[in-house]
Structure formats: C-alpha cells, structure tokens
Amino acid sequence: MPGFEWFGDEERKEVQDVLDTGVLFRYGFDGARKGHWKARTFEEELAKRLGAGFAHLCSSGTAALSIALAACGVGAGDEVIVPPFTFVASVEALLTAGVIPVFAEIDETLCLDPLSVLAAITPQTRAIMPVHMCGAMARIEELKTICDENNLVLIEDACQSLGASCQGRSAGTFGHAGCFSFDPVKTVTCGEGGAVVTSDQMIYFNAQAYADHGHDHVGADRGIEGHPFLGMNYRISELNAAVGVAQLRKLDVILARQRAHKQILKQALASYPNVSFRVIPDEAGDSATFLSFFLEDADHARQVARDLGAAGMDGCFYWYDNNWHYLRKWDHFKQLKSLSNLPFHLQTAYPDYSRVHLPQSDHIMSRTLSLQIKLSWTPEMLEKRVGIIEKVMNDRR
Ligand SMILES: *Cc1c(COP(=O)(O)O)cnc(C)c1O
C-alpha cells in the first residue's frame, strides 16, 4: 500500500530543488523560487491523471474533507450520510463543521449500501459522503443517481483509494468534490498532505480560497488580495508538495505492482469454500492496496486473524475489533467527547450514537479480514505468504 516503501532519489531531487531556493511557501516569491512551483505542479499532474478539472493540494486528507464540505456549502445543522466503516477522520471533519453525521449500512462492497442510504434521507440531509475503503470503490454510480434525484451534494472520501476507478472514471471525480490523503501510509505520500478535486469551477475557487484564510489569489500582491469569505489555514508547504510530486509520478507503477501481488494472494485463498471475497463493482479499477475477504462468522474470522499473525503474516486487519476504522469501538465519538462544546452542541440534539444499530454492517465487518498488499515483497516473500495462508486455512477448514 504505502508509497513510503519506494522512496529515494526522485523524492530527494524534488526536495533539493526547494532547499536550493529556500522558498517553502506555495504562493508568491516569484523571483526567488527559480521556477519551482511544487504544489502547483502536483495539482496540475493530479488533475490530469484523474481526469478532474481542478485539484487543490492541502495539508492533510482530513483538511481536504473540511475544505470540501465548506466549498460545497455543507455546514452547521446539515445531515450528511456516511458509512460506519471508515477512518474516524471522516466523522471528525463532519463534527468540526457542525454537521450531523447519519450512518447508513455498508454492504459486501465494504462501502455504503445504496438502499440503506435511501432509507436514511430526511429533509435535513444535505450530502452523501461515501468512503472508498481499502483501495476499491463504493457503488458510486448508484450513489450518484440518488444524489442527483434528491438534489444532494456528493463528496467522495477517496483518501484510501488514489488510482481506483469505475468504468474508467477515477475515484474522486464522480461527485461535486473528491478528497485524497497523502499521509505517510497512503498509496502516495507527501509526508502529510491531502487534496480536493472537482470539475466545478466555483467549488474549486471556494476550496483554494477557504484553505488559505479566504484569499482569492487574484492579482500579484498577496497583501492586497480580496477575501470574499472567511477561511482557515490548510496550506501545504513546498517541501511536502515536492515529495508528493516525485511520489505521484510513480503511481501507475505502484498500482501495477499492487495488482500483481494481490492476484497471487487471492488465488491462494480462492480454493477454500468457506472464503468469499469483497464485492468490487468494477474489479479492473481496484487499486489493490488490500485483499479483503469474508469468513464464516466472527469466531472463525478472529481465529484466522490470530493464526495468520502467529504464523508471521504482518498487515492482517480484523477491523471489527480495531479502535479506529469501525464505529463499534468509537466510544469517544459515541459520547461526543470533545475538548469544548461541539459547534452545534447547544442548538441541536445529536442522535444518541451509542444506540445506533447497524446489524447488516456488523454481520459483514465481524466476518471481514483484510490483508495489506506491500510493494516491496520479493517473489520469495510472496511465496512465504502463500504458504502461511495455505497452512492456516487447511488447519481451520
Ligand atoms: C487517511 C484517511 C483520512 C484522513 O487523511 P489524513 O491525511 O491522515 O488526515 C480520511 N479518510 C480516510 C478514509 C482515510 O483513510
């Protein structure tokens, strides 16, 4: 999965360009920067690679979600439908904006179930935020149709799925805005970083201004630029952007390697009748950062996870028991524990999240294991992993 596995001379060269000029700021200093615009270069190349009209690079994936919500006019008191299987950052961005998260079920895609989303729509619903988990996409076309028919904003959390696609169209480009993360464990890394992509010029204008205190970035003098609205500081530094420029250029090689490695592990599991695989609406568009599969029940899944770990398989995730990726264990969230009142705390009765009941998601997540796909595996390491899978699965038939 992580781009940090392939890190070296290309990244060093891009960072050295920045160090040679001493210009760490992404805006201005036109003379001193000797033609190096790393954030801008990254944005142009990302937009082109994804087939999006515009991209704005920012400080993190979480920041990208906050920016996308603001840029699309989603805010305090609005309801946004999200899945319970996601990194907790998706929900943090909603709460920080004063949005009320509403959970719908996931299905065997490990992403939002369109039928459950339909049932969760209320007059307060403003947006749907599918999360393309573990490298592959949600049923995005159905979700987009629901948004179109109900006049809802569609914001894709594609933080984990750079390079995934559906029918040739990139993750992040179906909705009004798509969000990516370039944190240290994502497919491509900036060290820390994120991006919002969109093909809507107004949303792009809002996003790039909101991420920089509302600066409109019109004219040559930053000191007298206009501020059409308030914003925040979610800027990236040129140093982080430089790392990303080198990383992004490796994306297609990374994807090819991940897909090849995943195929070998998948074959090893495919012969066991008590194993079934995550449903991926367009298999050809899988970015292949994980191999996710279902076992018979929670006991079986826990036992297989334990056995795989004991046999030396690293990167095996049983999300159901993990603190960060599934609502079940988010006690701090269920109690809405913040350091002060949440933005909408006094005005709105949030639902009692400790009572949210998602039996379909529990049924799926309690049986799901995901194996992380690494870039740096040698053929010998892959063979060893296949051996571990066969031994554990034969013992636990
Ligand atoms: C990583 C991640 C984020 C947050 O990205 P950061 O860059 O770490 O802030 C948001 N959503 C999902 C699904 C993620 O995996």
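Here the residue index of a chain counts from 1 through its sequence in written order. Residue-level local features of this predicted model are given only where pLDDT is at least 70; pairs of side-chain atoms are given and counted only at 80 or more, and the full residue set underlies all totals for whole chains, interfaces and linings. The side-chain numbers reported here are obtained from all heavy atoms of the structure, hydrogens and water having been left aside.

A closer look at the packing of aromatic side chains
Here a ring pair, both rings aromatic, is described through the centre-centre distance and the interplanar angle of the planes.
In step 1: Only centres within 6.5 Å qualify two rings of Phe, Tyr or Trp (six-membered ring in Trp) as a pair; their planes then separate them into stacked at under 30 degrees, edge-to-face at over 60, and tilted for everything else. A full pass over the atoms with the stated rule returns 17 aromatic pairs.
In step 2: For the pair Phe25 and Tyr27, a centre-to-centre distance of 6.0 Å together with 70° between the ring planes defines the contact as edge-to-face.
In step 3: Using a 1.4 Å probe on the protein chains alone, a residue whose accessible area is under 20% of its type maximum counts as buried, one over 50% counts as exposed, and one in between counts as partly exposed. Relative accessible area serves as the criterion here: at 23%, Phe25 is assigned to the partly exposed category.
In step 4: A relative accessible area of 15% places Tyr27 in the buried class.

Topic: the site of the ligand
In step 1: Proximity is defined per residue: any heavy atom of the residue falling within 4 Å of a molecule or strand makes that residue near it. Taken together, 15 residues lie near the ligand, and Gly61, Thr62, Ser181, Asp183 and Lys186 sit nearest.
In step 2: Separating a nitrogen atom of the ligand from a side-chain N or O atom of Asp157 is a distance of 2.8 Å.
In step 3: Take Asp183: an N or O atom from its side chain is 2.7 Å from an oxygen atom of the ligand.
In step 4: For accessible areas, the Shrake-Rupley method is used with a probe of radius 1.4 Å. Any residue's cover is judged against the shown protein chains and nothing else. Within the complex, 93% of the 380 Å² of free accessible area of the ligand lies under protein.
In step 5: Helix numbering and strand numbering both begin at the N terminus, where a helix is a DSSP run of H or I of at least 4 residues and a strand a DSSP run of E of at least 2. Counting only elements with at least two residues in the shell around the ligand, the list comes to α3 (61-71) and α4 (89-96).
In step 6: Residues are grouped as follows: nonpolar covers Ala, Val, Leu, Ile, Met, Phe, Trp, Tyr, Cys and Pro; charged covers Asp, Glu, Lys and Arg; every other residue, Gly included, is treated as polar. For the shell around the ligand, the class distribution of residues is four nonpolar, eight polar and three charged. Definition of a polar contact: a pair of N or O atoms within 3.5 Å, with one able to donate and the other able to accept a hydrogen when the atoms are protein atoms, and with sequence-neighbouring residues admitted only if both atoms are side-chain atoms.

A closer look at the packing of α3 against α4
In step 1: Angles run from 0 to 180 degrees between N-to-C directions of axes, and those axes are lines fitted to C-alpha atoms, restricted for helices to the stretch in contact. Direction vectors running N to C along α3 and α4 enclose 40°, while the axes themselves pass 9 Å from each other. When the axes of α3 and α4 are compared, the pair comes out oblique. When the axes of α3 and α4 are compared, the crossing they make is right-handed. Across the interface between the two elements, Thr62, Leu65, Ser66 and Leu69 of α3 pack against Ala89, Ser90, Ala93 and Leu94 of α4.
In step 2: Across the contact of α3 with α4, the residue classes break down as five nonpolar, three polar and no charged. Roughly parallel means an angle under 35 degrees; roughly antiparallel, over 145; roughly perpendicular, 65 to 115; everything else is oblique. What makes a crossing left-handed is the near helix being turned counterclockwise from the far one by less than a right angle; a clockwise turn instead makes it right-handed. The criterion used for residue contact is that any of the two residues' heavy atoms lie within 4.5 Å.

Here we look at the domain arrangement of the protein
In step 1: The domain boundaries here were taken from an automatic or database domain assignment. Looking at the assigned domains, one finds that the protein contains domain 1 (3-250) and domain 2 (252-395).
In step 2: Distance from the C-alpha centre of domain 1 to the C-alpha centre of domain 2: 23 Å.
In step 3: The quantity reported as buried area is the accessible area (1.4 Å probe) lost by two parts once they are put together, taken as the sum for both. When domain 1 packs against domain 2, close to 4,000 Å² is buried across both sides, 64% of that on carbon and sulfur atoms.
In step 4: Contact with domain 2 buries area across many residues of domain 1, yet Glu5, Trp6 and Glu108 alone supply 16% of it, more than any other trio.
In step 5: What makes a salt bridge here is a side-chain nitrogen of Lys or Arg within 4 Å of a carboxyl oxygen of Asp or Glu, nothing more. Applying the counting criterion to the domain 1 and domain 2 interface returns two salt bridges.
In step 6: Taken together, the links from domain 1 to domain 2 amount to 24 residue pairs in polar contact (both at pLDDT 80 or more).
In step 7: The set of elements that each furnish at least two residues to the side of domain 1 that touches domain 2 consists of α4, β3 (100-103) and β6 (165-166).
In step 8: Class assignment of the residues belonging to the side of domain 1 that touches domain 2 gives a composition of 25 nonpolar, 13 polar and eight charged.

Examining the pairing of strand β9 (residues 194-198)
In step 1: Most of β9 sits out of view: five of its five residues are buried.
In step 2: Going residue by residue along β9, you find Gly194, Val196 and Thr198 tucked away on one face and Ala195 and Val197 tucked away on the opposite face as well.
In step 3: Of the pairings in the sheet, the one linking strand β1 (residues 54-58) to β9 comprises five bridges and is antiparallel in character. Counterpart to Cys58 in the pairing with β9 is Gly194.
In step 4: A pair of strands counts as paired when DSSP detects no fewer than two bridges linking them. Pairing between strand β8 (residues 177-181) and β9: four bridges, direction antiparallel. Opposite Phe180, over in β9, you have Ala195 as the bridge partner.

Points about the nonpolar core
Looking at soluble globular proteins, one finds that nonpolar side chains tend to be buried together.
In step 1: Buried Ala, Val, Leu, Ile, Met, Phe, Trp, Tyr and Cys residues form a nonpolar core when they are joined through side-chain atoms within 4.5 Å. Counting residues in hydrophobic clusters, the biggest one holds 44 residues, and the most contacted among them are Phe42, Leu46, Leu57, Val117, Ile128, Leu162 and Phe182.
In step 2: No other element matches helix α2 (residues 38-50), which puts five residues into this core.
In step 3: Ranked by size, the runner-up nonpolar core spans 39 residues in total, among them Cys72, Val74, Val196 and Tyr234.

Remarks on α3
In step 1: Counting buried positions over the eleven residues of α3 gives nine, a clear majority of the element.
In step 2: Among all positions in α3, only Gly61, Ala63, Ala64, Leu65, Ser66, Ile67, Ala68, Leu69 and Ala71 are buried.
In step 3: On its buried face, α3 is in contact with β1, α4, β5 (153-157), β8, β9 and α7 (201-210).
In step 4: Of the residues flanking the start of α3, the one acting as N-cap is Ser60, its side-chain oxygen 3.4 Å from the backbone nitrogen of Thr62.
In step 5: Just downstream of α3, Gly73 is the residue with a positive phi angle, here 75°.

Observations concerning the environment of Ser237
In step 1: Within the secondary structure, Ser237 is located in the loop between α7 and α8 (238-248).
In step 2: On a C-alpha basis, the gap between Ser237 and Ser59 in space is 7.9 Å, while along the polypeptide they are 178 residues apart.
In step 3: A distance of 2.9 Å separates a polar atom in the side chain of Ser237 from a polar atom in the side chain of Asn240.

Quick look at the sheet that holds strand β10 (residues 276-277)
One key point about sheets: their strands pair by backbone hydrogen bonds, in either a parallel or an antiparallel sense.
In step 1: The strand order β10-β11-β13-β12 describes an open sheet built from four strands, whose pairing is antiparallel. Where the open sheet ends on each side, the last strands, each with one partner, are β10 and β12 (316-317).
In step 2: Docked against the sheet, helix α10 (residues 298-310) engages β12 and β13 (368-372), running at close to 25° with respect to β13.

Side note on the pairing of β3
In step 1: Across the two faces of β3 the burial is the same, with Ile100 and Val102 and Pro101 and Phe103 all buried.
In step 2: The sheet contact formed by strand β2 (residues 79-82) and β3 spans four bridges and is parallel. Looking across to β3, one finds that Ile81 is bridged to Val102.
In step 3: The crossover handedness rule: strands pointing away from the viewer, path from first strand over the helix to second strand clockwise, crossover right-handed. Following the chain from β2 across α4 to the adjacent parallel β3, one finds a crossover that is right-handed.

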